[in-house]
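Spelled out, the chains give:
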There are 2 protein chains.
Amino acid sequence: MKSRVSAYDVARKAGVSQSTVSRVLNNFPHIKEGTKKKVLAAIEELGFTRDEIARSLAEKKTRTIGLIIGDITNPFFAESAGVIMGKAAELEYDVIICNTNHQDDNLEKSIKMLIGKRVDGIIIAAVNRYSKKIKELYEAQFPVVLYNSSIEGNHANFIVLDNEKGAYIAVKHLVELGHRNIAYISGPSKFLTLHQRDIGYKKALGEYGIPYNQRLIYDREFSYREIYQFAYKLLCSKDKPTSFFVTSDQMALAILDAAANHNLEVPKDVSVIGFDDINISSNQYIGLTTISQKKETMASLALEKLLLLIEGKGSISMPIQVVLEPKLIIRKTTGRAN
Amino acid sequence: MKSRVSAYDVARKAGVSQSTVSRVLNNFPHIKEGTKKKVLAAIEELGFTRDEIARSLAEKKTRTIGLIIGDITNPFFAESAGVIMGKAAELEYDVIICNTNHQDDNLEKSIKMLIGKRVDGIIIAAVNRYSKKIKELYEAQFPVVLYNSSIEGNHANFIVLDNEKGAYIAVKHLVELGHRNIAYISGPSKFLTLHQRDIGYKKALGEYGIPYNQRLIYDREFSYREIYQFAYKLLCSKDKPTSFFVTSDQMALAILDAAANHNLEVPKDVSVIGFDDINISSNQYIGLTTISQKKETMASLALEKLLLLIEGKGSISMPIQVVLEPKLIIRKTTGRAN
DNA sequence: CTGTTAGCGCGTTCAC
DNA sequence: GTGAACGCGCTAACAG
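Residues numbered from 1 in each chain as written. Chains lettered and ligands numbered in written order. Predicted model: local features only at pLDDT ≥ 70, side-chain atom pairs only at ≥ 80, totals over all residues. Heavy atoms only, no water.

K.L.:
What is the right way to read the interface of chain A and chain B from this model?
P.N.:
Note on interface size: it is often stated as the accessible area lost on association of the parts. Listed as interface residues are 52 residues of chain A and, on the opposing side, 52 residues of chain B. Counting across the interface, chain A meets chain B through four salt bridges. Here Lys117(B) ties to Asp94(A) by a salt bridge, and the two come within 2.8 Å at their closest N and O atoms. On inspection of chain A and its partner chain B, the count reaches 16 residue pairs in polar contact (both at pLDDT 80 or more). (Contact = heavy atoms within 4.5 Å. Salt bridge = Lys/Arg side-chain N within 4 Å of Asp/Glu carboxyl O. Polar contact = N/O pair within 3.5 Å; in protein donor to acceptor, adjacent residues only side chain to side chain.)

What follows is the structure in structure tokens.
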């Protein structure tokens, strides 16, 4: 691989100083047309590309943000990442994505790595609500915005959905269709969003006088396999649930999978409602009823606010905390209980 | 935000020189136990993290690779990215992902940006087969491996599936089920992989004496909407196809969507076979018959080979070119023609 | 308008 | 074993 050409090489070729090259690179005003032309020509001829690493070092800015997600394989995260990356690219920011697979130590590792790489800010989706690290970053005024997640005490900037309400309207929808035996597939309550949904679930049950039944609750790790099996077994049992409220569309698909393998018809035999509204849910072959997370809005806002923190350092009144309204989207996986 | 602590700060605190700090950071042998302890203590106390940007500049290595994908919203790319990121993390490499939305100018932009960021190498999925840029990089010996794609003339390192064969066995499967009216949903043939699948499609038709019918072919841009509408219209027509061979599972889902909105039953009224075997295809609620791209293998190999190129600079015999065998996975969206 | 000079925070000789 | 000094390629004053 041929060795790189530097701004200094360009300078020599154009017969100017290296700082002049830097100036044309950065579009400084008041450069004589002639020299600018010469420099541009030399750049073109030598195929020069500026070394962003050196620039970052000198400028103490990397024009790069970090994005930490729980699982890129989950379309909710992938699609969110897509909009963030799109917006970022428009604004000339690059993004480094880290996958935590929902594990706390990976979160810490990712943060450390991103800090080492001197990213200008970080968007984090899926954090343990007890995370000390997040709080530290917040207190150190390092630009971080939490995406659909938050921590205990709310010492953080975040954009979230009203998760309690989302769960509430989901369950309410099922109840109004006549369901009383409602399974709830969630995940570890160390995630504040899930904890809030737990509350919404219980609240809806309570309001309609439906007893809370631990047997119908899944609150362990996110695992397609485990959730599939949990649902499968539940569907084998006598007094099986007539409906499932699932905390992500991806896992709702696992329930549909289990139901299909049971030869159960949806929604005739079982109703399923998800959460997220990932793209595929609107596919009419699937038609998953769900609660929209408004990922477009949430993701755009997250990036926007992060850049505000990055660029307007200090002048921003922290914390930035936005709560969006959930929306019930009725499709074909929910129907009357029989 | 409190200003960063540098190796120099650590040095002062420990009463040693900055180069000594550097030495312990990099685990040099022959450091007196005492001074090592002191330095480590100072690092701990000050909460020092090394500046990877400065390190990269000095070392001329970033321990970062670029990954350019067509569309993170397509699970095939997201899932591939997932395995690449996982392996990379294990090997202490970071990855910067770029989304091109399948547009050539974005490819060029992404490459330029990654080169600017001094990545050590790049994995590229989805390239225009006429791309000059890729060839240039190859000739300049810059570490690049193409992921399930290649360019005209094969002047590149790549890991691909035998796409022609994949298409061939897909169509053969349909023919053997009695289908003769087989629609083919593809994309721009500027992508070599698609071009090869075109050949496979035609070959299978030819072998069974089925005439090629342009009316049944979609070869424009990847667009859920457009493909959906194309399929929808086709399904309205008299002499409508009894089956679809679709060049990606994601788009196969679009066909299922269109069929569902036509109240057509799958596979009774229409058969659909995809390509990729994304995770959701194995969901029994969907059960998409497809051709496996072996993304786990392909992605692992791509990363492995890239690191070989990066770390074994020069000593590797180029080009690295691997062709994997496709595999037909029969599920429930294909059945006998009626 | 442009050149000179001094860092940015590390890794890396080369002496001692 | 360890420190001093230089360089990676660029931006940012400061002169002129």
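K.L.:
Teacher, can you tell me more about helix 9 (residues 192-207) of chain A here?
P.N.:
The α-helix advances 3.6 residues per turn, and as a result positions three or four apart in sequence lie on the same side. Residue and element names in this part refer to chain A. For helix 9, built from 16 residues, the straight-helix expectation of 22 Å at 1.5 Å per residue is met to within 8% by its first-to-last C-alpha distance of 23 Å. Along helix 9, the residues classified as buried are Leu-192, Thr-193, Leu-194, Arg-197, Asp-198, Gly-200, Tyr-201, Ala-204 and Leu-205. Buried residues along helix 9 sit against helix 8 (163-176), strand 6 (182-185), strand 7 (217-218) and strand 8 (243-246). Two residues or fewer past helix 9, Gly-209 is found with a positive phi of approximately 65°. (Helix = DSSP H or I, 4+ residues; strand = E, 2+ residues; numbered from the N terminus. Expected span 1.5 Å × (residues − 1). Buried < 20%, exposed > 50% of the residue type's maximum accessible area, 1.4 Å probe, protein only.)

K.L.:
Would you explain the relation of the copies chain A and chain B in this entry?
P.N.:
Between the two chain copies there is a screw-like relation: a rotation about an axis and a shift along it. Mapping chain A onto chain B is achieved by rotating through 180° and translating by 0.2 Å along the same axis, at an RMSD of 0.3 Å. What the superposition gives is, in effect, a two-fold axis relating one chain to the other. Looking at the rotation axis and the C-alpha trace of chain A, the residue lying nearest is Ile96(A), at 2.4 Å. The share of interface residues of chain A whose copies in chain B are also at the interface is 100%, consistent with both copies meeting through the same surface. (Least-squares fit on C-alpha atoms with pLDDT ≥ 70 in both.)

K.L.:
Help me understand unusual backbone geometry in this model?
P.N.:
The general pattern is negative phi for most residues beyond glycine and trans for most peptide bonds. Residue and element names in this part refer to chain A. Geometrically, the link from Val-266 to Pro-267 is a cis peptide bond, its omega value of 5° lying close to zero. On the secondary structure map, Pro-267 appears in the loop between helix 11 (249-261) and strand 9 (271-273). Backbone geometry at Arg-118 places phi at a positive 60°, although glycine is not the residue there. When you line up the elements, Arg-118 lands in the loop between helix 6 (104-116) and strand 3 (121-125). A residue is classified by how much of its surface remains accessible, and Arg-118, at 13% relative accessible area, is buried. The backbone of Asn-263 sits at a positive phi, close to 60°, despite the residue not being glycine. With respect to the secondary-structure elements, Asn-263 resides in the loop between helix 11 and strand 9.

K.L.:
For this particular structure, what's the right way to read the nonpolar core?
P.N.:
One broad trend across soluble globular proteins is that nonpolar side chains are buried collectively. Formed by 164 residues in total, the largest nonpolar core has its most connected members in Ile97(A), Phe244(A), Phe245(A), Ile97(B), Phe244(B) and Phe245(B). In this structure, Ala156(A), Cys98(B), Phe142(B) and Val160(B) belong to the second largest nonpolar core, which totals 42 residues. (Core = buried A, V, L, I, M, F, W, Y, C linked by side-chain atoms within 4.5 Å.)

K.L.:
Is there a simple way to explain the protein's contact with DNA strand C in this structure?
P.N.:
Taken together, 26 residues lie around DNA strand C, and Ser19(A), Thr20(A), Arg23(A), Thr35(A) and Ser22(B) are the ones closest in. Of what DNA strand C places within 4 Å of the protein, 61% of the atoms are sugar or phosphate. In this structure, a phosphate oxygen belonging to DNA strand C sits 3.2 Å away from a side-chain N or O atom of Asn26(B). Of all the secondary-structure elements, those providing two or more residues to the surface near DNA strand C are helix 2 (18-25) and helix 4 (52-59) of chain A together with helix 2 (18-25) and helix 4 (52-59) of chain B. Here the surface near DNA strand C is built from residues that sort into eight nonpolar, ten polar and eight charged. (Near = heavy atom within 4 Å. Nonpolar A, V, L, I, M, F, W, Y, C, P; charged D, E, K, R; others polar.)

K.L.:
Which parts of the structure should I look at to understand the sheet that holds strand 8 of chain A?
P.N.:
What holds strands together in a sheet is hydrogen bonding between their backbones, with the strands either parallel or antiparallel. All names here are of chain A. Strand order in this open sheet of four strands is 7-6-8-9, and the pairing throughout is parallel. Every interior strand has two partners, whereas the edge strands, strand 7 and strand 9, have only one. Strand contacts of helix 11: strand 6, strand 8 and strand 9, with the helix running at about 155° to strand 8, the strand carrying the most contacts. (Pairing = 2+ DSSP bridges. Axes fitted to C-alpha atoms, helices over the stretch in contact; angles between N-to-C directions.)

K.L.:
Please clarify how the sheet that holds strand 9 (residues 271-273) of chain B should be interpreted in this entry.
P.N.:
Residues and elements named next belong to chain B. Read from one edge of the open sheet, four strands run 7-6-8-9, paired in parallel fashion. Strands with a single pairing partner mark the edges of an open sheet, and in this sheet they are strand 7 (217-218) and strand 9. Relative to strand 6 (residues 182-185), helix 9 (residues 192-207) is tilted by about 170°, and along the sheet it contacts strand 6, strand 7 and strand 8 (243-246).

K.L.:
Sorry if this is basic, but what is going on with the packing of helix 10 (residues 224-236) of chain B against helix 11 (residues 249-261) of chain B here?
P.N.:
Residue and element names in this part refer to chain B. Running from N to C, helix 10 and helix 11 point in directions that differ by 45°, and their axes come no closer than 9 Å. Between helix 10 and helix 11, the crossing angle belongs to the class labelled oblique. Viewed along their axes, helix 10 and helix 11 form a crossing whose handedness is right-handed. On helix 11, the residues touching Tyr-224, Ile-227, Tyr-228, Ala-231, Tyr-232 and Leu-235 of helix 10 are Gln-250, Met-251, Leu-253, Ala-254, Ile-255, Asp-257, Ala-258, Ala-259 and Asn-261. Broken down by class, the residue content of the contact of helix 10 with helix 11 amounts to twelve nonpolar, two polar and one charged. (Parallel < 35°, antiparallel > 145°, perpendicular 65-115°, else oblique. Left-handed = near helix turned anticlockwise from the far one by under 90°.)

K.L.:
What is the right way to look at the pairing of strand 2 (residues 94-99) of chain B in this model?
P.N.:
On any regular strand, side chains alternate: one points to one face of the sheet, the next to the other face. Residues and elements named next belong to chain B. Within strand 2, six of the six residues are buried, which leaves it mostly tucked inside the rest of the structure. Across the two faces of strand 2 the burial is the same, with Asp-94, Ile-96 and Cys-98 and Val-95, Ile-97 and Asn-99 all buried. Pairing geometry for strand 1 (residues 64-69) and strand 2, over six bridges, is parallel. Bridge pairing in strand 2 links Thr-64 to Asp-94.

K.L.:
Would you explain helix 8 of chain A in this entry?
P.N.:
Residue and element names in this part refer to chain A. With 14 residues, helix 8 should cover 20 Å at 1.5 Å per step; its first-to-last C-alpha distance of 20 Å lies within 8% of that length. For helix 8, the set of buried residues is Asn-163, Gly-166, Ala-167, Tyr-168, Ala-170, Val-171, His-173, Leu-174 and Val-175. Remark: Gly-178 follows helix 8 within two positions and exhibits a positive phi of approximately 95°.

K.L.:
Quick question: what am I supposed to make of the domain arrangement of chain A here?
P.N.:
All names here are of chain A. Domains assigned within chain A are domain 1 (7-50), domain 2 (62-161 + 295-325) and domain 3 (163-293). The C-alpha centroid of domain 3 is placed 28 Å from the C-alpha centroid of domain 2. Each partner contributes to the interface: domain 2 provides 21 residues, whereas domain 3 provides 19 residues. Both sides of the domain 2 and domain 3 interface together cover about 1,700 Å² of buried area, and 49% of this is carbon and sulfur. Three residues, His-102, Arg-129 and Leu-161, lead the burial of domain 2 against domain 3; their summed loss comes to 35% of the area buried on that side. Applying the counting criterion to the domain 2 and domain 3 interface returns two salt bridges. (Domains from an automatic or database assignment. Buried area = accessible area lost by both parts, 1.4 Å probe.)

K.L.:
Got a minute to help me understand the packing of aromatic side chains in this structure?
P.N.:
Note on aromatic pairs: each is described by the distance of the centres and the angle between the planes. All names here are of chain A. Counting across every chain of the model gives 18 aromatic pairs over all chains. Between the aromatic rings of Tyr-184 and Phe-245, the centroid separation amounts to 5.3 Å while the plane-to-plane angle is 5°, which identifies the pairing as stacked. Of this pair, Tyr-184 sits in strand 6 while Phe-245 sits in strand 8; the two residues are 61 residues apart in sequence, bridging distant segments of the chain. Assigned by exposure class, Tyr-184 and Phe-245 land together as buried. One aromatic cluster is present, formed by Tyr-184, Tyr-201, Tyr-212, Phe-245 and Phe-275 through successive ring pairs. The residue whose ring lies beneath Arg-197 is Phe-275, and the NZ or CZ to ring-centre distance is 3.6 Å. (Phe/Tyr/Trp six-rings, centres within 6.5 Å; stacked < 30°, edge-to-face > 60°. Lys NZ or Arg CZ within 6 Å of the ring centre and 35° of its normal.)

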